[in-house]
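# Commentary on secondary and tertiary structure
Given next are the chains, with one letter for each unit.
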Amino acid sequence: MMDYKEQLRAFSQPNLRTCQLKQLEILRVIDGICQKHGLSYWLDGGTLLGAVRHGGFIPWDDDIDIAMDYQDMKRFVAVAQDELPENLFLQSPETDPNIKEQMVKIRDLNSLYIEKGDNFVSDYVKGIFVDIFPFEAHPNIPKSWIKRLAKGITKSNSILHHPHTYSLRSFAEFFWFGGKLLLYLSLWKLLKLVSPSSRYANIPKMNGYGITHDRETVLPLSRIKFEDAEFPAPHDPDQYLRNIYGNYMEIPPVEKRHFHSVVIIPELTK
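Everything numeric in this text was worked out from a predicted model, so none of it was measured. (Residues numbered from 1 in each chain as written. Predicted model: local features only at pLDDT ≥ 70, side-chain atom pairs only at ≥ 80, totals over all residues. Heavy atoms only, no water.)

### What about the overall build of the protein chain?
- Within the protein chain one finds eight helices and 11 strands.
- For 270 residues, the compact-globule estimate of 2.2 N^0.38 gives 18 Å, and the C-alpha radius of gyration of the protein chain, at 19 Å, lies within 12% of that figure.
- Along the first, second and third principal axes, the C-alpha set of the protein chain runs to 55 × 50 × 45 Å.
- When contacts within the protein chain are restricted to residue pairs at least 6 apart in sequence, long-range pairs at least 24 apart make up 68% of them.
- Within the structure as shown, the protein chain displays about 14600 Å² of accessible surface, and the carbon and sulfur contribution to it stands at 57%.
- Distance from the positive charge centre (32 side chains) to the negative charge centre (34 side chains) of the protein chain: 6 Å. (Helix = DSSP H or I, 4+ residues; strand = E, 2+ residues; numbered from the N terminus. Rg over C-alpha atoms; globule rule 2.2 N^0.38 Å. Contact = heavy atoms within 4.5 Å. Areas by Shrake-Rupley, 256 points an atom, 1.4 Å probe, with all protein chains shown as cover. Lys, Arg positive; Asp, Glu negative; His and termini not counted. Charge placed at Lys NZ, Arg CZ, Asp CG, Glu CD.)

Right under this line is the structure:
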């Protein structure tokens with residue numbers, strides 16, 4: 001007998017390709033806005049891996065990741081809210097305060113995409129999406145230092161923004177992790193000031209693994225085929241992916257080929 005996770009996966013599996021194609025359409029919209037306003041972005045993470053290894057989506061993947069310079073992302077957020085079509089929504093802590101993740105997503109409003117950590121009770125948009133990860137310069141310090149600082153910042157920030165109940169533990173966590181976050185962020189800013197940087201990576205609040213790239217690995221951007229079109233990519237996709245995954249060309253075993261979502265419903269209304 002299948003457990004409930006297997007049942008949900010079996011329910012969503014036939015919808016995977018439709019989900020991917022809807023995400024691809026969202027990416028095209030993002031690409032159009034970025035081209036119009038001269039904003040730079042590139043395929044990131046599993047999306048870039050899929051482009052290099054499969055020429056498009058990883059067959060069992062169900063999301064699209066892109067990266068964008070932090071300053072460009074702020075400009076994108078400002079213009080996209082007025083230029084996105086009616087079926088798309090720019091989700092951020094400012095536009096959707098109940099979200100569980102403190103990041104920017106472009107969501108489809110006529111679909112349902114439930115992840116493991118989603119809360120059915122909380123009122124926030126849960127449609128199919130494209131993730132936007134903000135990048136910034138990192139200080140030229142040993143990678144072990146970056147990893148420790150970034151991990152501490154990410155964990156502290158995540159705990160502080162996680163839903164809490166009123167309790168002595170929550171009270172203690174607020175002061176402990178609030179103080180830790182303030183200390184780590186202050187140290188991070190100081191190191192950036194005193195250490196000229198040639199490293200580039202996700203902002204420390206979203207870089208729990210401490211992965212960084214040489215700036216020359218990312219810029220100037222190149223182009224890469226993804227599905228039936230070309231999109232921006234890091235300057236050296238091979239080195240970029242090795243920094244993240246190591247031997248990224250090795251196909252994982254079947255038992256590890258799972259998509260991220262729990263439930264996918266690509267169309268809520270016809």
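### Here we look at the packing of aromatic side chains
- The tally for this structure, following the rule as stated, stands at six aromatic pairs.
- With 5.2 Å between their ring centres and 85° between their planes, Trp-42 and Phe-135 make a pair best called edge-to-face. Of this pair, Trp-42 sits in strand S1 (residues 41-43) while Phe-135 sits in strand S6 (residues 129-138), and the two are 93 residues apart along the sequence.
- Taking the centre distance of 4.9 Å and the plane angle of 80° together, the rings of Tyr-113 and Phe-129 count as edge-to-face. (Phe/Tyr/Trp six-rings, centres within 6.5 Å; stacked < 30°, edge-to-face > 60°.)

### Quick word on the nonpolar core
- Formed by 49 residues in total, the largest nonpolar core has its most connected members in Leu-43, Ile-66, Phe-76 and Ile-106.
- At eight residues, helix H2 (residues 16-37) tops the list of elements feeding residues into this core.
- For Ile-106, the contacting residues outside a window of four places in its chain are Ile-26, Ile-30, Phe-76, Leu-84, Leu-88, Phe-89, Leu-90, Ile-128, Phe-129, Val-130 and Ile-132.
- Grouped together as the second largest cluster of nonpolar side chains are eight residues, Ile-141, Ile-146, Ile-153 and Tyr-184 included. (Core = buried A, V, L, I, M, F, W, Y, C linked by side-chain atoms within 4.5 Å. Buried < 20%, exposed > 50% of the residue type's maximum accessible area, 1.4 Å probe, protein only.)

### Description of H2
- Here H2 is 22 residues long and its end C-alpha atoms lie 32 Å apart, about the 32 Å a rise of 1.5 Å per residue gives.
- For H2, the set of buried residues is Leu-16, Cys-19, Gln-20, Lys-22, Gln-23, Leu-24, Ile-26, Leu-27, Ile-30, Asp-31, Ile-33 and Cys-34. (Expected span 1.5 Å × (residues − 1).)

### Thoughts on helix H3 (residues 45-54)
- Buried residues dominate H3, accounting for eight of its 10 residues.
- Those residues of H3 that are buried lie in contact with S1, strand S2 (64-69), strand S9 (222-226), strand S10 (229-233) and helix H8 (237-245).
- Within two residues after H3, Gly-55 carries a phi angle of roughly 75°, on the positive side.

### Considerations on the environment of Lys-151
- Secondary-structure assignment places Lys-151 in helix H5 (residues 143-161).
- Of the residues examined, Lys-151 reaches a relative accessible area of 53% and is grouped as exposed.
- Counting along the chain gives 37 residues from Lys-151 to Ile-114, while the straight-line C-alpha distance between them is 26 Å.
- Leave out the neighbours within four places in its chain, and Lys-151 touches Asn-207 and Gly-208.

### Quick notes on the pairing of S10
- Summarising burial for S10: four of the five residues are buried, a large majority.
- As paired strands, S9 and S10 are joined by five bridges and run antiparallel to one another. Across the sheet, the residue bridging to Arg-223 is Pro-232, located in S10. (Pairing = 2+ DSSP bridges.)

### A look at the environment of Arg-223
- Following the sequence through the fold, Arg-223 ends up in strand S9.
- Apart from the residues within four sequence positions on either side, Arg-223 is in contact with Glu-230, Phe-231, Pro-232 and Ala-233.
- One polar contact links the side chain of Arg-223 to the main-chain carbonyl oxygen of Glu-230, over a distance of 2.9 Å. (Polar contact = N/O pair within 3.5 Å; in protein donor to acceptor, adjacent residues only side chain to side chain.)

### Things to note about the pattern of salt bridges
- Within the structure shown, the criterion is met by 11 salt bridges.
- The residue Lys-22 makes a salt bridge to Asp-108 at a minimum N-O spacing of 3.3 Å. In this pair, Lys-22 sits in helix H2 while Asp-108 sits in strand S4 (residues 104-108), placing the two residues 86 residues apart along the sequence. Residue Lys-22 shares its accessibility class with Asp-108, and that shared class is buried.
- Glu-136 is the salt-bridge partner of Lys-192, the closest N and O atoms lying 3.6 Å from each other. (Salt bridge = Lys/Arg side-chain N within 4 Å of Asp/Glu carboxyl O.)

### Focus: empty space enclosed by the protein
- The full count for this structure, using the stated rule, is one cavity of 30 Å³ or more.
- Taken as a whole, the largest cavity holds about 50 Å³ of empty space.
- Together, Gln-91, Ile-99, Lys-100, Glu-101, Met-103, Lys-105, Arg-107, Asp-118 and Tyr-124 line the largest cavity.
- By residue class, the composition of the lining of the largest cavity is three nonpolar, one polar and five charged. (1 Å grid on protein atoms, 1.4 Å probe; cavity = no way out; pocket = protein on both sides within 12 Å on 5 of 7 lines; lining within 4 Å. Points joined across faces, edges and corners; volume = space filled by probe spheres on them. Nonpolar A, V, L, I, M, F, W, Y, C, P; charged D, E, K, R; others polar.)

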